[in-house]
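# Report on the structure
Single-letter residue listing:
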Amino acid sequence: MTLYQPFLDYGIEYLKSRIDVSDYPIPAGFDRNSAMTGKGDKQAEVLTTSYGFQSPKLRQIRAAHVQGGQSLQVLNFVIFPHLNYDLPFFGADLVTLPGGHLIAIDMQPLFWNEPAYQEHYTTPILPMFHGYQAQLPWGGDFPEEARAFFSPAFLWTRPQETEAVETHVFGAFKDYLKAYLDFVDRAEPITDPQRLEEIEQAQLRYVRYRSEKDPARGMLKRFYGEEWTEEYIHGFLFDLERQLPKHSVIS
C-alpha cells in the first residue's frame, strides 16, 4: 500500500456513493505506463496509472497516480464541472519527493475576483480551512501568476512527517471532497448566454495555465519521453480544448 493509494481508493468510492458516475474515456496508452529508473541495486520501477469518471454535472473526474518508491509518490486528483455550471474545480496535488511532502488541496474558483462568487463557494469552507492550519501550516511562497487560480481556502502545506500526511492531510482531503460534492448537489445549471461564455473562458484559462505550467512535465518526460508526456497532459489531464466541440454550451 503506497502513501496515496488510500486517498485514491477513498476518493473513488466516496464519489460513487454520492453521485451517479460513469467511466470517462481514457485515451489508449494512458491508463497505465511504467519505466525503470536508477542503476544496479538502486534500480526501481515507476508506475503511472490513470482513472477517469464523469457525471451529469461533472465533465471529468480524473486521477493520475505515480508510484516510484518511498521518495516518489504523487496523486493528482482533479474534478472539472460541465460548462453549464459555475462550480469551482476540485484539485488535490499530493506529492512526495526526496526533499519532502508537498500538499495542495483547494476548490479552485472560476472567478476569483468576484466577491459574490467567493461568498458563495469559499466563505462556507473557510472554517474548515482554518481548522487545519494548526496541523498543516502555510507552505510558503508560490508563483504570483498562480494566485488567480486558487481560493482563500487554499490548503498549501509541506508536512515534515509522513504521519501528518496519513492523518491530517487525509482528513483534509476527505473534508474538502465532501464539501465539494455538497456544492455539486446544490448546483443549478446556468442558462444566461453571457455567463455561459464567461464560464467557458474561465475554464479554458485554467486548463491552459495548468497544462503549460504542469510541474510534473519534467518528471514524466524523464520517465516516458516527451511525446507521451505532452499527449498525456493535453489529451487526458487537461483535455478541455480537445473536448470543447462536444461540450460547449455557447450557441
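Residues numbered from 1 in each chain as written. Predicted model: local features only at pLDDT ≥ 70, side-chain atom pairs only at ≥ 80, totals over all residues. Heavy atoms only, no water.

Quick look at the environment of Leu 94 now. The topology assignment puts Leu 94 in strand E6 (residues 89-97). The class of Leu 94 is buried, set by a relative accessible area of 0%. Along the primary structure Leu 94 and Gln 203 are separated by 109 residues, whereas in three dimensions their C-alpha atoms are 22 Å apart. If we skip the residues at most four places from it in the chain, Leu 94 touches Tyr 4, Phe 7, Gln 73, Val 74, Leu 75, Leu 102, Ile 103, Ile 105 and Val 169. (Helix = DSSP H or I, 4+ residues; strand = E, 2+ residues; numbered from the N terminus. Buried < 20%, exposed > 50% of the residue type's maximum accessible area, 1.4 Å probe, protein only. Contact = heavy atoms within 4.5 Å.)

The subject of this paragraph is the pattern of salt bridges. Under the criterion given, the structure shown has 12 salt bridges. Here Arg 59 ties to Asp 239 by a salt bridge, and the two come within 3.1 Å at their closest N and O atoms. One end of the pair, Arg 59, is in strand E4 (residues 58-67); the other, Asp 239, is in the loop between helix H7 (226-237) and helix H8 (240-247), and 180 residues separate them in sequence. Notably, a salt bridge pairs Glu 114 with Arg 195, separated by 2.9 Å at the nearest N-O pair. (Salt bridge = Lys/Arg side-chain N within 4 Å of Asp/Glu carboxyl O.)

Quick look at the environment of Glu 114 now. Here Glu 114 lies in the loop between strand E7 (100-108) and helix H2 (115-121). Remark: the alpha-carbon pair of Glu 114 and Gln 5, spanning 109 residues in sequence, is separated by 36 Å. In terms of polar contacts, Glu 114 uses its side chain to reach the side chain of Arg 195, at 2.9 Å. (Polar contact = N/O pair within 3.5 Å; in protein donor to acceptor, adjacent residues only side chain to side chain.)

One way to put it is that helix H3 (residues 126-133) packs onto helix H4 (residues 162-186) with a least axis distance of 11 Å and a crossing angle of 180 degrees. On the basis of their axis angle, the class for H3 and H4 is roughly antiparallel. Contacts from Met 128, Phe 129 and Tyr 132 in H3 reach His 168, Gly 171, Ala 172, Asp 175, Tyr 176 and Ala 179 in H4. Looking at the contact of H3 with H4 residue by residue, the class counts come to six nonpolar, two polar and one charged. (Axes fitted to C-alpha atoms, helices over the stretch in contact; angles between N-to-C directions. Parallel < 35°, antiparallel > 145°, perpendicular 65-115°, else oblique. Nonpolar A, V, L, I, M, F, W, Y, C, P; charged D, E, K, R; others polar.)

So, about the side chain of Gln 118. Along the polypeptide, Gln 118 turns up in helix H2. On the accessibility criterion, Gln 118 (12% relative accessible area) is buried. Filtering out sequence-adjacent residues up to four positions away, Gln 118 remains in contact with Pro 109, Phe 111, Trp 112, Thr 123, Ser 151 and Pro 152.

Between two aromatic rings, the relevant description is the distance of the centres plus the angle of the planes. Within the structure shown, the criterion is met by 26 aromatic pairs. For the pair Phe 7 and Phe 173, a centre-to-centre distance of 5.5 Å together with 65 degrees between the ring planes defines the contact as edge-to-face. Residue Phe 7 is found in helix H1 (residues 5-18), and its partner Phe 173 is found in helix H4; the two are separated by 166 residues along the sequence. Grouped by ring-pair contacts, the aromatic residues Tyr 4, Phe 7, Tyr 10, Tyr 14, Phe 77, Phe 90, Phe 170, Phe 173 and Tyr 180 constitute a single cluster. Of note, Lys 174 hangs over the ring of Phe 170, and the distance from its end group to the ring centre comes to 4.2 Å. (Phe/Tyr/Trp six-rings, centres within 6.5 Å; stacked < 30°, edge-to-face > 60°. Lys NZ or Arg CZ within 6 Å of the ring centre and 35° of its normal.)

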